[in-house]
Amino acid sequence: GIKATLSFELEEELKTSTMFAYTQGKSDVVGTPDGYVMRAEQSVELMGATLALGYVKTDKDGTAALESFGDQMPFEEGNYALSTNAKTPYITASYEIEGMTLGAIYSETSYEDAGAKFKEKELSLSMGYEVYTSLEASLIYANVKNNDATNGDSYDAIKVALEYKF
């Protein structure tokens, strides 16, 4: 795979970043087809507020089980973002001030299951606070709506997270 990020600081308070990632997998497991995951994102940061637009696309044949190696997607839930032939446009917004971060992510994943087409929409809201250097506590709310009555769930989730970044 490959990942490239190009960032510019146009002024002290204005930054922009472009990211592209492509991962291809080959599987030796019978019934697990080869495939890829592609992700592109463009963001702009102005005075502590960040807005980003992104897109995730998976191969029409599968992902060679790439999703089993860890979730690198920006979504809190993202249940079908790495499904076969999934297409997910998304938008994120965040604001950071005095150690507090407020964030929002909205995504719509179009995916297929047994030849039928479905859509899952997700809205996630988060509030995080840096309790110690590199340690953040967060409260996260996710609202997921899925039009697949058989396999997809529509639900609300509330989570508390403690994250150490190094």
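To keep things clear, this report deals only with the structure shown in the data block. (Residues numbered from 1 in each chain as written. Predicted model: local features only at pLDDT ≥ 70, side-chain atom pairs only at ≥ 80, totals over all residues. Heavy atoms only, no water.)

## Details of the environment of E112
As a reminder of what qualifies: Numbering of helices and strands starts at the N terminus; helices are DSSP runs of H or I of at least 4 residues and strands are runs of E of at least 2. Only heavy atoms matter for contacts: two residues are in contact if any of them lie within 4.5 Å across the pair. Two N or O atoms count as a polar contact when they lie within 3.5 Å, although within protein this holds only if one can serve as hydrogen donor and the other as acceptor, and sequence-adjacent residues are included solely when both atoms are side-chain atoms.
Locating E112 in the fold gives a position in strand β6 (residues 100–113). With 40 residues separating them along the chain, E112 and Q72 place their C-alpha atoms 21 Å apart. Those residues in contact with E112, other than ones at most four positions away along the chain, are T84, N85 and K117. At a separation of 3.0 Å, a polar atom in the side chain of E112 contacts the side chain of N85.

## A few points about a nonpolar patch on the surface
Operational definition: By definition, no residue in a patch forms a salt bridge, and every one has over 30% relative accessible area; like charges are joined within 9 Å, nonpolar side chains (Val, Leu, Ile, Met, Phe, Trp, Tyr) within 5 Å. Shrake-Rupley sampling with a 1.4 Å probe provides the accessible areas, and residues are treated as covered by the protein chains on show and by no other component. Whenever Lys or Arg places a side-chain nitrogen within 4 Å of a carboxyl oxygen from Asp or Glu, that contact is recorded as a salt bridge. Residue exposure (1.4 Å probe, protein chains only): buried if accessible area is under 20% of the type maximum, exposed if over 50%, otherwise partly exposed.
Residues Y95, I97, L102, M127, L139, I158 and V160 make up a contiguous nonpolar surface patch of about 680 Å² in total accessible area. Of all the elements in the fold, those that place two or more residues in the nonpolar patch are β5 (87–97) and β9 (155–164). Overall, L102 belongs to the partly exposed group, its relative accessible area being 42%.

## Considering the packing of aromatic side chains
Applicable threshold: Stacked, tilted and edge-to-face are the three classes applied to pairs of Phe, Tyr and Trp rings, where Trp contributes its six-membered ring and a pair requires centres within 6.5 Å; stacked means planes under 30 degrees apart, edge-to-face means over 60, and tilted covers the rest.
Scanning the entire structure with this criterion turns up five aromatic pairs. Consider the rings of Y22 and Y36, whose centres lie 5.4 Å apart with planes at 25 degrees: the pair is stacked. Pair noted here: Y22 is in strand β2 (residues 14–25) and Y36 is in strand β3 (residues 35–46), with a separation of 14 residues, a long-range link. Residue classification places Y22 among the partly exposed positions, given a relative accessible area of 27%.

## So, the pattern of salt bridges
Summed over all chains, the structure comprises four salt bridges. In this structure, E41 and R39 form a salt bridge, with 3.1 Å as the shortest nitrogen-oxygen distance. Of the two residues, E41 and R39, neither departs from the other in class, the shared state being buried. The salt bridge involving K159 is made with E77; its shortest N-O contact spans 2.6 Å. Placement of the pair is K159 in strand β9 and E77 in the loop between β4 (49–58) and β5, with a sequence separation of 82 residues. Using a relative accessible area of 30% as the deciding quantity, one classes K159 as partly exposed. What makes E77 buried here is its relative accessible area of 15%.

## Notes on the pairing of strand β7 (residues 116–132)
Selection rule: Two strands pair under a simple rule: DSSP has to find at least two bridges between them.
Bridge analysis of β6 against β7 gives 14 bridges, and the strand direction is antiparallel. Bridged to M100 within β7 is Y129. Where β6 folds back onto β7 in an antiparallel hairpin, the turn is made up of two residues, including A114, whose phi is positive at roughly 55 degrees. The pairing of β7 with strand β8 (residues 135–146) spans 12 bridges and is classified as antiparallel. Its bridge partner being in β8, E120 is matched across the sheet by N146. Between β7 and β8, which pair antiparallel in sequence order, lie two residues; one of them, S134, sits at a positive phi of approximately 70 degrees.

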